[in-house]
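Per-entry structural report
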2 protein chains.
Amino acid sequence: MASEERKKSRVTLLDVARHANVSRATASLVLRKSPLVGNATRLRVEQAMRDLGYVYNIGAARLRVERSQIIGAIVPNLANPFFAELLSGIEEVIGATGKAVILANSGDQVERQDMLLQRMREHGVDGVILCPAAQTSSTLSDQITDWGMPLVQVLRHISLDLDYVGVDYAAGMHQAVDYLASLGHKKIAFAAHGPIHSAYQERVEGFRDAMLARNLDPGIIIRFPTQLGEIANATHLLFDHETRPTAVICFNHVVALGLSAGLHDRGLTIGRDFSLVSFDDVADAEAIRPKLTSVSTGPVTIGEMAARLLVDRIANPGLQPRHVVKDTTLHIRQSCGRPN
Amino acid sequence: MASEERKKSRVTLLDVARHANVSRATASLVLRKSPLVGNATRLRVEQAMRDLGYVYNIGAARLRVERSQIIGAIVPNLANPFFAELLSGIEEVIGATGKAVILANSGDQVERQDMLLQRMREHGVDGVILCPAAQTSSTLSDQITDWGMPLVQVLRHISLDLDYVGVDYAAGMHQAVDYLASLGHKKIAFAAHGPIHSAYQERVEGFRDAMLARNLDPGIIIRFPTQLGEIANATHLLFDHETRPTAVICFNHVVALGLSAGLHDRGLTIGRDFSLVSFDDVADAEAIRPKLTSVSTGPVTIGEMAARLLVDRIANPGLQPRHVVKDTTLHIRQSCGRPN
DNA sequence: CTGAAAGCGCTTACAG
DNA sequence: CTGAAAGCGCTTACAG
């Protein structure tokens, strides 16, 4: 194995070329599967690579060619399963193109996000998929254009000058409201939480529009704590409001989990005593009882679409900005009934 | 802004040096905050960097120095919230050292894992945190040593020649068994699922040992489907066994979610009609009703510890292999009662 | 198909 | 503190 010697000085393309009795240029061509090199030669070079334990040095290659084969992904909260699913979609399609993805967590803080973008530039990433931190200034968009950095916004947007893959949150809200209204509900609350950003606003406005369209009071909008653990204990907020709602539409799956626990704690049976619609179901939605009726957004697919857009954008930086907005699906399960 | 011109040819350290009237060597020293350079000079160079919009090129630097400032993390299942929490711990401490983390998903497939390790070598990562795919051969360990690749195994291990950060699964099983036994349970099932690996075996053996130590039948070990969605429907397996158990200890939080749903579907109230102990609680454990009593393993902390070990190992490759095994905590909540 | 050569952007002795 | 120079491992015309 002679591993000791090997470690001392890494084997380089020149070593391979010598071992195979070809020039370095030829070895390089074999590496990149050029058709210029004959079959016998190719085999000889490939054998040499194996014999010597050659490892391609992407970093060195990148210095000449302007391609690092790395893309960046920045999300606001890694521990949230929703973003984990998003990432798994991104990783899958980026990985399939042979590139690697650098992962970073902005914690929804703009300064941290700035730092991470800078770090990614230093690493020479070929592009970035960004779910912008709440409060990100729209001037970041100009900066990114200025840098010439291929970037796609995902789930939240700060500017329409950049690519964007998101969800038709407003339409999702209409689905939820329409469904509850069809069951006879008139007092429907919206349970929000967390930082304010485009996806937040689109949901709230979608809710308002949908309620107004049905001549219902759009004003029962209640803010819950950010942390899942505290939401259940704040369930009373739902009933402190002057008009007691008979149903609630949740901002996301975190709120839905929290309220479904909190309603249970108050002795209310969901689907019978009170109706609840979740938003964004993630994998474990199936495991909650009663099963939650939910407006599903499909984070894995969104990740995949964002990755594809980024790959396109890298290949063709001149493209006009593209915006793809995914439809939601209402999954009717067991958490809604007629109002009492 | 002159962004157009800038994009054409990136600004290099030499440009900065010229703009600041110093040599390239000096500019390089400023970059790395060497004390060799005087304050006035430093400020001048830093101003030049700002004026020109200089971006440090880590890739170029790496070619000289043997440091890419990138580490790799390979997990078997990105979409599982347990691994998402693990990653968030890793990303946090690696990020704090100024390095970036390349993320990859092996899908628990060894061939894919081999490919990913190879890719990471090509990217010149400084080290890797690996949760080995099930069925990984222990010879991978020799290979890694041969490559001289700093690596820490996390949660699962294939060889004690490498660093390892894991959990004392066996002790966790003892906690669960002891607790159930103290409530009077004698027929306790173990509900397993998924691929077989060290962490799997340690749990099973821990269960057996703990049962034997109390003179209880250690044989009620039942395999459930891998997918969360199918577990609930397989709950009957619990009762198909010749000796009907009064309690179940779950392999992980996925099984616990599935069975807790399935028991509910059978009209059984958990904590009253049947007792259940979960393993690995993740953030949303708090939101399930009844609240699940659980042996908690703390994935975020494990990620942090693994990252610290890797940083140490990179700094000091000569270190003896270290193995840190984290204690579990039994969180008693509401899912267990006396047997009927 | 192949060889010699230049160059990507940095770091690192070395001599001053 | 500074300048000139070599070199990290690759790719890419260019001439043959």
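Residues numbered from 1 in each chain as written. Chains lettered and ligands numbered in written order. Predicted model: local features only at pLDDT ≥ 70, side-chain atom pairs only at ≥ 80, totals over all residues. Heavy atoms only, no water.

1. Considering the domain arrangement of chain A
When the domains of chain A are assigned, the result is domain 1 (3–56), domain 2 (70–166 + 299–324) and domain 3 (169–298). Look at where the C-alpha atoms of domain 1 of chain A and domain 3 of chain A centre, and you get two points 61 Å apart. (Domains from an automatic or database assignment.)

2. Digging into the protein's contact with DNA strand D
Taken together, 26 residues lie around DNA strand D, and Leu13, Ser28 and Tyr54 of chain A together with Ser23 and Arg64 of chain B are the ones closest in. Counting only atoms of DNA strand D within 4 Å of the protein, the fraction found in sugar and phosphate groups is 66%. Tyr56 of chain A places a side-chain nitrogen or oxygen 2.9 Å from a phosphate oxygen of DNA strand D. Here a phosphate oxygen of DNA strand D sits 3.4 Å away from a polar atom, N or O, in the side chain of Thr26 of chain B. For the surface near DNA strand D, the elements supplying multiple residues, two or more each, are helix H3 (24–31) and helix H5 (58–64) of chain A together with helix H3 (24–31) and helix H5 (58–64) of chain B. The element that contributes the greatest number of residues to the surface near DNA strand D is H5 of chain A, accounting for four residues. (Near = heavy atom within 4 Å. Polar contact = N/O pair within 3.5 Å; in protein donor to acceptor, adjacent residues only side chain to side chain. Helix = DSSP H or I, 4+ residues; strand = E, 2+ residues; numbered from the N terminus.)

3. Structural notes on the sheet that holds strand E8 (residues 247–250) of chain A
The strands that make up a sheet pair up through hydrogen bonds in the backbone, lying either parallel or antiparallel. Residues and elements named next belong to chain A. Within the open sheet, the six strands sit side by side as E7-E6-E8-E9-E10-E12. Their pairing is mixed. The open sheet has two free edges, formed respectively by strand E7 (221–224) and strand E12 (329–331), since each of these has just one partner strand. Each strand axis lies, on average, 25° off the axis of its neighbour in the sheet, ignoring direction. Both strand E6 (residues 188–193) and E8 contribute to a ladder of four bridges, which runs parallel. From the neighbouring strand, Ile188 faces E8, where its bridge partner is Ala247. Its contacts with the sheet place helix H10 (residues 198–213) against E6, E7, E8 and strand E9 (275–279), and it is angled at close to 175° to E6. (Pairing = 2+ DSSP bridges. Axes fitted to C-alpha atoms, helices over the stretch in contact; angles between N-to-C directions. Contact = heavy atoms within 4.5 Å.)

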